[in-house]
Amino acid sequence: MHATNVRNLKKNPSLALRQAEESPVLVLKGDEPNALIVHLDKTIAEGEQSVRPALAATLFQDGTLSLGGAVRLSGMVLQAFLQYLGDLGIDVVRCDETTEHDAADLDRWLAS
């Protein structure tokens, strides 16, 4: 799967269309997946197979699916899906207001 951002898509839409002939092109708006370009000459099965990872990544990033659920939806093995998320710049670990406190607890535990 290829990825591009809106700015690059506006500059060179024909590149995205050529890439879509090989595999779907995920269009990012900022850091968020926004759209998917799929070539119409592909069979439905090929299209579904390539759309599933993009959909899974988006639903995981939105917090709709857990990592395990997203992996199952993607049809990929865990390691490949993690690499896919990394390629898209999607963080697997999300920090929140408790992260700093948890890290301090872990440091104290490891020091004892």
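Refer to the structure printed above.
Residues numbered from 1 in each chain as written. Predicted model: local features only at pLDDT ≥ 70, side-chain atom pairs only at ≥ 80, totals over all residues. Heavy atoms only, no water.

(A) Fine view of the pairing of strand 3 (residues 32–37). Bridge count for strand 2 (residues 25–29) against strand 3 is five bridges, and the pairing is antiparallel. In the strand pairing of strand 3, Val 25 is matched with Ile 37. With antiparallel pairing between neighbouring strands as the criterion, strand 2 and strand 3 make up a hairpin whose turn holds two residues, including Gly 30 at a positive phi of roughly 70°. (Pairing = 2+ DSSP bridges. Helix = DSSP H or I, 4+ residues; strand = E, 2+ residues; numbered from the N terminus.)

(B) The packing of helix 4 (residues 67–74) against helix 5 (residues 78–88), seen in detail. Across the interface, helix 4 lies against helix 5 with an axial gap of 10 Å and an inter-helix angle of 100°. Looking at the two axes, helix 4 sits roughly perpendicular to helix 5. In contact with Leu 67, Ala 70, Val 71 and Ser 74 of helix 4, helix 5 contributes Leu 78, Phe 81, Leu 82 and Leu 85. Among the residues making up the contact of helix 4 with helix 5, the classes are represented as seven nonpolar, one polar and no charged. (Axes fitted to C-alpha atoms, helices over the stretch in contact; angles between N-to-C directions. Parallel < 35°, antiparallel > 145°, perpendicular 65-115°, else oblique. Contact = heavy atoms within 4.5 Å. Nonpolar A, V, L, I, M, F, W, Y, C, P; charged D, E, K, R; others polar.)

(C) Geometry of the environment of His 39. Considering the arrangement of structural elements, one finds His 39 in the loop between strand 3 and helix 3 (44–62). The sequence separation of His 39 and Phe 60 amounts to 21 residues, and the corresponding C-alpha distance is 24 Å. Apart from the residues within four sequence positions on either side, His 39 is in contact with Leu 17, Ala 20 and Glu 21.

(D) Seen up close, the environment of Gln 49. Here Gln 49 lies in helix 3. Linking Gln 49 and Gly 75, residues 26 residues apart in sequence, is a C-alpha distance of 7.7 Å.

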